[in-house]
Amino acid sequence: MGDLSDVKEREDKLQGMGTSLLRKEDAKFIRGQGTYVDDIKLPGMLFGAVVRSPYAHARIKSINKAKALASPGVVAVLTADDLKPVNLHWMPTLGGDVQAVLADKKVCFQMQEVAMVLASDRYAAYDGAALVEVDYEELPVIVDPKKAMAKDAVIIREDIADKKEVGHGPRTHPNHIFTWEAGDKAAADAAFAKAEVTVREEILNPRVHPCPLETCGCVASFNKATGYLTVYMTTQAPHIVRTVLAMLSGIAESKIRVVGGDIGGGFGNKVPVYPGYVVAIVASIVTGLPIKWIESRIDNISTTGFARDYHCVGELAATKDGVVKGLRFTALADHGAFNSHVSATKLPAGLFSICTGSYAIPNAYARVDAVYTNKAPGGVAYRCSLRVTEAVYLIERMMDVLALKVGVDKAEIRRRNFVKSEQFPYTTSFGWTLDSGAYHNALEKVLKAVDYDGLRREQAARRADPKATSLMGIGIATFTEIVGAGPTKVCDILGIGLFDSCEIRVHPTGGVIARLGTMTQGQGHSTTYAQIIATELGLPASDIVVEEGDTDKAPYGAGTWGSRSTPVSGAATAQASRKIKDKAKKIAAHALEVSEGDLEWEIDRFKVKGNPTRAKTMKEICMISHTSNIPAGMEQGLNAVAYYDPPNMTFPFGAYLCVVDVDKFTGEVNVRRFYALDDCGTRINPMIIEGQIHGGLTEAFAVAMGQQIPFDENGNHVGNSLMDYFLPTAMETPKWETDHTVTPCPHHPIGAKGVAESPHVGGIPCFSNAVIDAFSHLGVTHMDMPHTAYRVWQTLGKLGVNQR
Amino acid sequence: MANMHDVSFKLNGKNTSVKVEARELLIYTLREKLAHTGPHIGCETSHCGACTVDLDGMSVKSCTVLTVQCDGSELLTVEGLEQGGVLHAIQQAFHEEHGLQCGYCTPGMLTRAYRLLKENPNPSEQEIRYGIAGNLCRCTGYQNIVKAVQSAAKKLAAAPATAA
């Protein structure tokens, strides 16, 4: 016992942190045995089909249900008037506003929910929905957010026209939602006034949609006899949803059970509470029957959870050598017709103030003005923390703009401005304390791996070659993310702090069940949390069961979004494990008749120091803890629960490099190489991390190269099916090269930072920087996403590059 | 109520009969009437491939096939890949190569990959990417799916599995 090979063998057996343990969740999915919400069938269940508005802005003059009610299989048709008696025709939003559950006298965006038809099955419900007759009177439409606050602009939200504020400070126009400011404007202005060089660029983050492969939906089941409401739903935050439902319905929260089940991808789309869920719940309460509501794909893209739509202006002030002295970033935010933007209460523009990025910028100011338009509500964080993609995109683009202006290489300008390793923890001019980082190291590793100098030489040769048929671009992004919301003093939703939780029960024979307040949507929680416990407790990951998403079983938590699972619940998991381990040590000392100080931990056991043959394995202690052979006064069992309130956010970072070739004649962009180095602190499961990075990069590629939700001047969607909305196939998707450094988080129990959003946040500016770099010798400083062949071809045409 | 039609086919090797309306799509028959919830609905417009099943030796998207078209056919869904308690090589490979995350595209992806390897037992990476281009995945970025198909191809070549 205790020799090195034995220790190694025992450690390998645990399959704890650092091993690429194959995923426990795969067994059901590869057999088609997942339980997604649309797989749930309850006796007597009705299907609800939503009747939606064809207009972006119109008054509802009348609704005639007669033909629909006469249609075979139709049981009921619900409108706002039917929800009024239970006061559920409007609902509060996560953004401090209210939203119509079913349109109340007017519609404010195309595809808005007007009625729900309940019928015996899906076909009958949609037949009925087609027969609901709604008489509309069209109103003028606001599509362009820049026109929303014009003097003569039509008032979109008559219901709150007189309200001086909607949750986030004074409003200056009926279509104004809030103005948020951060940083020191006077100091930033002073830096600009005396700057040797300034740059300014208008940069759009277009409206996009997370578009998980499974749309949103629910099965609501109210039991009239017991008064219990069970809701199976596609939610990334089941506990928060339960609280919202209790507030909305008046049902005691103890009588509401929300079950997440298996979720077919979320990416932010499944955080909010949508009207469809609420109508299904009301319908179940009224009828006493289970009600299923499942979005179609077009419903999903059109109405639930868009992201971005930030119309930004970036300004940097710098020395002639490119050292940044001041930053001013502003954004006009199009929030659509209701402010159901997902944000923590005190952070209406989310974490946009991370926009100083990886750079030491002494003077900074940011401002976001949010307005209503006649578009779907939302503003979810699409595979990122709240508004972090917008912030990182802006700073990473602006560093390139500055590099061009001062004539400094794009890698070099980053080196000159990075926060240095010895400066951590580093407090930014917006007040965030970056926990740890090694930015120079990460960038140099990438530059070396791709032979950056060689690439620049190749680019110069290409540019000098009059016969070249393509332009070559090299994009760099050296991003810092802010994830793991978050410290409850800073972050709350509806007053609930964004702590998270883990409850662990250890059984007599050493099996473990852990329950958490998070909600996996493909991230592999069943595997990674088990690995944390395996290492902490010395029990094999194979015998550790992880359960999430059923609010009757799991302790309270804020769910999985904003890369918060590992930073927050992962920490709670380690802490709950350590409580158990502390107790186990006392039991071991008692059983071995030594003092606790005489014991030392080794992989899976407590050993008596200096006498390695005397030891108690954790498995033995599990059994002993259930007997009378425990210290006097101690309770039996090995259970613990931990609620973790993080002392700080975590700040994963990375250095990405992308090489593209742009066809001069078609505008097609070929991603020749993409090299991604991520530093997420301690790595729990390298295989899963790599998988998350592949996925995040692919979603970044989608956003940068093709995604956009466009509208015509009447507020009509012109691209809300998968025919038009770009989801890359295996053919378009580039090959990814991944790499890593490890800079542990100093305030997290296991040093982990979270990873899955980094590739999305860092990837988007990297693609854009690569495409724009291909044009930089032609005087181009910026091109808005998405870089579709058509749009790039238009730029080529304007520049005359496409002439043979 | 509309006219109902009797339709019979072999589903994962078992004789199956069902009554459907003429307009009923195969994906609904499988999921709602025959308790085969492996195939999923992602778009209902034939773009995403989550509903992919094997119909008479061809990959089809069951959201755009009428059930009445399947009379007399042989159908294979993800539920039919495992034989005698042994996973098909393609299922095993998806697990080993981390070719799935949320699992929603997986049944369609597996069924498609199964047929692809029947059509071309030794595909190049480009042929795999082309061969699964009708199946969208939002989680994996496809790289590990491609690896899984390559790995399954190797295993099948070494020890040919019995046809499902």
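Residues numbered from 1 in each chain as written. Chains lettered and ligands numbered in written order. Predicted model: local features only at pLDDT ≥ 70, side-chain atom pairs only at ≥ 80, totals over all residues.

A. Local environment of the overall build of chain B. Check the secondary structure of chain B and you find 5 helices and 5 strands. Shown N-terminal to C-terminal, the secondary structure of chain B runs as helices and strands in the order β-β-α-β-β-β-α-α-α-α. Whereas a compact globule of 164 residues would reach a radius of gyration of roughly 15 Å, chain B reaches 16 Å, a difference of no more than 12%. With the C-alpha coordinates aligned to their principal axes, the bounding extent of chain B is approximately 50 × 30 × 25 Å. (Helix = DSSP H or I, 4+ residues; strand = E, 2+ residues; numbered from the N terminus. Rg over C-alpha atoms; globule rule 2.2 N^0.38 Å.)

B. Broad picture of the overall build of chain A. Assigned secondary structure in chain A consists of 19 helices and 33 strands. Its C-alpha atoms give chain A principal-axis dimensions of roughly 85 × 75 × 50 Å. Of all 804 residues assigned to chain A, the portion counted as buried reaches 59%. A fraction of 80% describes how many contacts in chain A between residues 6 or more apart in sequence connect residues 24 or more apart. (Buried ≥ 20, exposed ≤ 12 C-beta atoms within 10 Å, placed from the backbone. Contact = placed C-beta atoms within 7 Å.)

C. Up close: the interface of chain B and chain A. The partner chain A presents 40 residues to the 44 residues of chain B that form the contact. Those elements that provide at least two residues to the side of chain B that touches chain A are helix H2 (89-96), helix H3 (106-119), helix H4 (125-131) and helix H5 (143-158) of chain B. The greatest single-element share of the side of chain B that touches chain A, amounting to 4 residues, is contributed by H2 of chain B. Its residues placed into classes, the side of chain B that touches chain A shows 21 nonpolar, 17 polar and 6 charged. (Nonpolar A, V, L, I, M, F, W, Y, C, P; charged D, E, K, R; others polar.)

D. Spotlight on the domain arrangement of chain B. Residue and element names in this part refer to chain B. Under the domain assignment, chain B is made up of domain 1 (4-80) and domain 2 (89-157). Taken over C-alpha atoms, the centre of domain 1 sits 21 Å from the centre of domain 2. The interface is formed by 15 residues belonging to domain 1 together with 12 residues belonging to domain 2. Considering every element that reaches the side of domain 1 that touches domain 2, the biggest residue donor is strand E3 (residues 52-55), with 3 residues. (Domains from an automatic or database assignment.)

E. Main features of unusual backbone geometry. Residues and elements named next belong to chain A. Cis geometry marks the peptide bond from Phe 424 to Pro 425; its omega dihedral reads -5°. Relative to the assigned elements, Pro 425 resides in the loop between helix H11 (410-417) and strand E19 (426-427). Each neighbour pair has its own omega, and for Met 785 with Pro 786 the value is -5°, a cis peptide bond. By the secondary structure assignment, Pro 786 is in the loop between helix H18 (758-775) and helix H19 (789-799). The backbone of Met 111 shows a phi angle near 80°, a positive value even though the residue is not glycine. With respect to the element layout, Met 111 can be found in the loop between strand E6 (106-107) and strand E7 (113-119).

F. Highlighting the confidence of the model for chain B. Model confidence for chain B is summarised by a mean pLDDT of 96, while 96% of its residues fall at 70 or above. Across the interface, the model reports ipTM at 0.97; the global pTM reads 0.97. (pLDDT = per-residue confidence, 0-100.)

G. Representation of the domain arrangement of chain A. All names here are of chain A. For chain A, the domain assignment lists domain 1 (4-32 + 500-644), domain 2 (37-140 + 215-263 + 270-303) and domain 3 (306-485 + 649-799). Averaged C-alpha coordinates put domain 2 and domain 3 at centres separated by 37 Å. Tallying the contact residues gives 19 residues for domain 2 and 22 residues for domain 3.

H. Quick peek at the pairing of strand E11 (residues 217-223) of chain A. All names here are of chain A. Burial runs high along E11: 6 of the 7 residues are buried. Of the pairings in the sheet, the one linking E11 to strand E12 (residues 228-233) comprises 6 bridges and is antiparallel in character. Paired with Ser 221 across the bridge in E12 is Thr 230. (Pairing = 2+ DSSP bridges.)

I. A look at helix H8 (residues 275-287) of chain A. All names here are of chain A. A rise of 1.5 Å per residue sets the reference length of H8, with its 13 residues, at 18 Å; its end C-alpha atoms lie 18 Å apart and thus fit the reference within 8%. Within H8, 10 of the 13 residues are buried, which leaves it mostly tucked inside the rest of the structure. Among the residues making up H8, those that are buried are Pro 275, Gly 276, Tyr 277, Val 278, Val 279, Ala 280, Ile 281, Val 282, Ala 283 and Ser 284. The first or second residue beyond H8 is Gly 288, which carries a positive phi of 75°. (Expected span 1.5 Å × (residues − 1).)

J. View of the packing of H3 of chain B against H5 of chain B. Residues and elements named next belong to chain B. Contact geometry for H3 and H5: axes closest at 11 Å, N-to-C directions at 45°. It follows from the interaxial angle that H3 and H5 lie oblique. Between H3 and H5 lies a crossing whose hand is right-handed. Of H5, the residues touching H3 (which contributes Met 109, Ala 113, Leu 116 and Leu 117) are Ile 145, Val 149, Ala 152, Ala 153 and Leu 156. Its residues placed into classes, the contact of H3 with H5 shows 9 nonpolar, no polar and no charged. (Axes fitted to C-alpha atoms, helices over the stretch in contact; angles between N-to-C directions. Parallel < 35°, antiparallel > 145°, perpendicular 65-115°, else oblique. Left-handed = near helix turned anticlockwise from the far one by under 90°.)

K. Quick peek at the sheet that holds strand E27 (residues 599-602) of chain A. Residues and elements named next belong to chain A. Within the open sheet, the 3 strands sit side by side as E27-E28-E29. Their pairing is antiparallel. Lying at the two open borders of the sheet, with one neighbouring strand each, are E27 and strand E29 (611-617). Pairs of neighbouring strands in the sheet enclose a mean axial angle of 35°, with direction left out of account. Sheet strands touched by helix H15 (residues 565-592): E27, strand E28 (605-608) and E29. Its angle to E29, the strand with the most contacts, is close to 125°.

L. Inspection of the environment of Ala 237 of chain A at higher detail. Residue and element names in this part refer to chain A. Position of Ala 237 among the secondary structure elements: in the loop between E12 and helix H7 (238-249). Counting along the chain gives 314 residues from Ala 237 to Thr 551, while the straight-line C-alpha distance between them is 9.9 Å. Ignoring anything within four residues of it in the chain, the contact list for Ala 237 reads Val 271, Met 519, Ala 558, Gly 559 and Trp 561.

M. The sheet that holds strand E21 (residues 470-480) of chain A, seen in detail. Residue and element names in this part refer to chain A. Spatial ordering of the open sheet is given by E21-E31-E32-E33, a layout of 4 strands whose pairing is mixed. At either end of the open sheet lies a strand with only one pairing partner, and these are E21 and strand E33 (737-740). Here the average twist between neighbouring strands, direction ignored, is 15°. Taken strand by strand, helix H13 (residues 452-464) contacts E21 and strand E31 (653-663), and its axis lies near 145° from that of E21.

N. Fine view of the nonpolar core. With 306 residues, the main nonpolar core has Leu 102, Val 117, Cys 218, Ile 533, Cys 658 and Phe 767 of chain A together with Ile 90 of chain B as its most contacted residues. Of the residues forming this core, the biggest block, 11 residues, is contributed by helix H10 (residues 388-406) of chain A. Non-local contacts of Ile 533 of chain A, meaning those with residues more than four positions away in its chain, are made with Ile 504, Val 512, Ala 514, Ile 544, Thr 573 and Ser 577 of chain A. (Core = buried A, V, L, I, M, F, W, Y, C linked by C-beta atoms within 7 Å.)

O. Structural context of the environment of Gln 91 of chain B. Tracing the backbone through its elements, the reader meets Gln 91 of chain B in helix H2. Residue classification places Gln 91 of chain B among the buried residues on the basis of 27 C-beta atoms within 10 Å. Spatially, the C-alpha atoms of Gln 91 of chain B and Val 78 of chain B are 9.3 Å apart, while their sequence positions differ by 13 residues. Not counting residues up to four positions away in its chain, the partners in contact with Gln 91 of chain B are Ile 30 of chain A together with Leu 81, Glu 82 and Leu 110 of chain B.

P. Spotlight on the pairing of strand E32 (residues 669-679) of chain A. Residue and element names in this part refer to chain A. Among the 11 residues that make up E32, 8 are buried, leaving the element largely enclosed by the rest of the structure. Across 10 bridges, the pairing between E31 and E32 is antiparallel. By the bridge assignment, Cys 658 is partnered in E32 with Phe 674. Connecting the antiparallel pair E31 and E32 is a turn made up of 5 residues, with Gly 667 showing a positive phi of about 80°. Note: E32 against E33, 4 bridges, orientation parallel. Across the sheet, the residue bridging to Tyr 675 is Glu 737, located in E33. Read as a crossover between parallel neighbours, the route from E32 over helix H17 (residues 686-705) to E33 is right-handed. (Right-handed = clockwise from strand over helix to strand, strands pointing away.)

Q. Geometry of the environment of Leu 88 of chain A. Residues and elements named next belong to chain A. Structurally, Leu 88 is set in the loop between helix H4 (80-83) and strand E4 (90-92). Classification of Leu 88 by C-beta neighbours within 10 Å gives buried; the count is 20. Spatially, the C-alpha atom of Leu 88 lies 7.7 Å from that of Ser 249, the residues being 161 residues apart in sequence. Excluding residues that lie within four positions of it along the chain, Leu 88 makes contacts with Leu 83, Val 101, Leu 248, Val 278 and Val 282.

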